[in-house]
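Read off the chains here:
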Amino acid sequence: MAFLGSNIASEVGLRLLLCPVGSNIVLRTACCSVGIVLPVYSTFKAIERKNENDQQKWLMYWAAYGSFSLVEVFTDKLISWFPMYYHVKFAFLVWLQLPTAEGANQLYKNHLRPFLLRHHGRFDLLVGFAYGEMVRFYSRHQAEIGYAKTILLKIMGSAGIMPKAKSNRPGHPQIEDSSPTISDDDDD
């Protein structure tokens, strides 16, 4: 049985090495890296530098990416079967971020903003309802949530990854931030 398992693993590894373009694993990883990891770090830098232009750029990116992700959730099983889907997705995510193309800016200003302006009343009602339901859920299950929080903190403490906490309000610890901030003089 171990012999069979090693052959399958070898075949999969060989297939990835010989035909990485035909494997969606490589492209999906690239999409995740380009679509999420790089923008998260760029957003972090924009926030830490307090650069309003960069912050606005990355807010537009996240609005465009979030809208794309929402559409993708409902259509993924259908469109992922199209040939070269992940290639097109990768190109789209790069286009959203390219400074020369300003894809996120174009998508936001030409499509997303007009749509949201037309329907913001409905979205406000929906968001208000969802927020109210979350508050009701939290108040109904506060004891269970507190119990889960206590267990999680004990697990984190036993693993040695417990963050330092300072509290301004009883029962609500806040994480201390002793990390330095990024200035414009720091390397990119």
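Going along each chain's sequence as written, the residues are numbered from 1 onward. For this predicted model, a pLDDT threshold of at least 70 governs which residues receive local features, and a threshold of 80 or more governs which side-chain atom pairs are given and counted, while totals over whole chains, interfaces and linings are taken from all residues. For the side-chain quantities, the full set of heavy atoms in the structure was used; hydrogens and water were omitted.

- The protein appears in an unreviewed UniProt entry as HVA22-like protein from Erythroxylum novogranatense.
- UniProt positions are given in the numbering used here, feature names are shortened, and annotations may be inferred rather than shown by experiment. UniProt, in its Sequence similarities (unreviewed entry) section for the protein, records the words "Belongs to the DP1 family."
- Note on the protein: under the UniProt heading Subcellular location (unreviewed entry), the record states "Membrane".

Some words on the confidence of the model for the protein
The predicted coordinates of low-pLDDT regions are not to be read in fine detail.
Part 1 of the reasoning: Scored between 0 and 100, pLDDT is the confidence that the predictor attaches to each residue. Scored by pLDDT, the protein has a mean of 80; 73% of the residues are at 70 or more.
Part 2 of the reasoning: Secondary structure elements follow DSSP: runs of H or I no shorter than four residues count as helices, runs of E no shorter than two count as strands, and numbering proceeds from the N terminus. Looking across the protein, the model is least confident in strand S2 (residues 172-175), with a mean pLDDT of 52, and most confident in helix H5 (residues 103-140), with 93.
Part 3 of the reasoning: In this analysis, two residues are considered to be in contact whenever any of their non-hydrogen atoms come within 4.5 Å of each other. In this model residues 1-5 is a low-confidence stretch, pLDDT under 50, and it forms zero contacts with partners more than four residues away in sequence or in other chains.

Concerning the pattern of salt bridges
Part 1 of the reasoning: One speaks of a salt bridge when a side-chain nitrogen belonging to Lys or Arg is within 4 Å of a carboxyl oxygen belonging to Asp or Glu. Inspection of every chain in the model, using the stated rule, returns two salt bridges.
Part 2 of the reasoning: With its nearest N and O atoms 2.8 Å apart, the salt bridge here joins Lys89 to Glu72. Of the two residues, Lys89 sits in helix H4 (residues 85-97) while Glu72 sits in helix H3 (residues 52-79), which places them 17 residues apart along the sequence.
Part 3 of the reasoning: For every residue, the accessible area obtained with a 1.4 Å probe (protein chains only) is divided by the maximum for its type, and the residue is called buried under 20%, exposed over 50%, and partly exposed between those limits. Here Glu72 falls in the buried class, since its relative accessible area comes to 11%.

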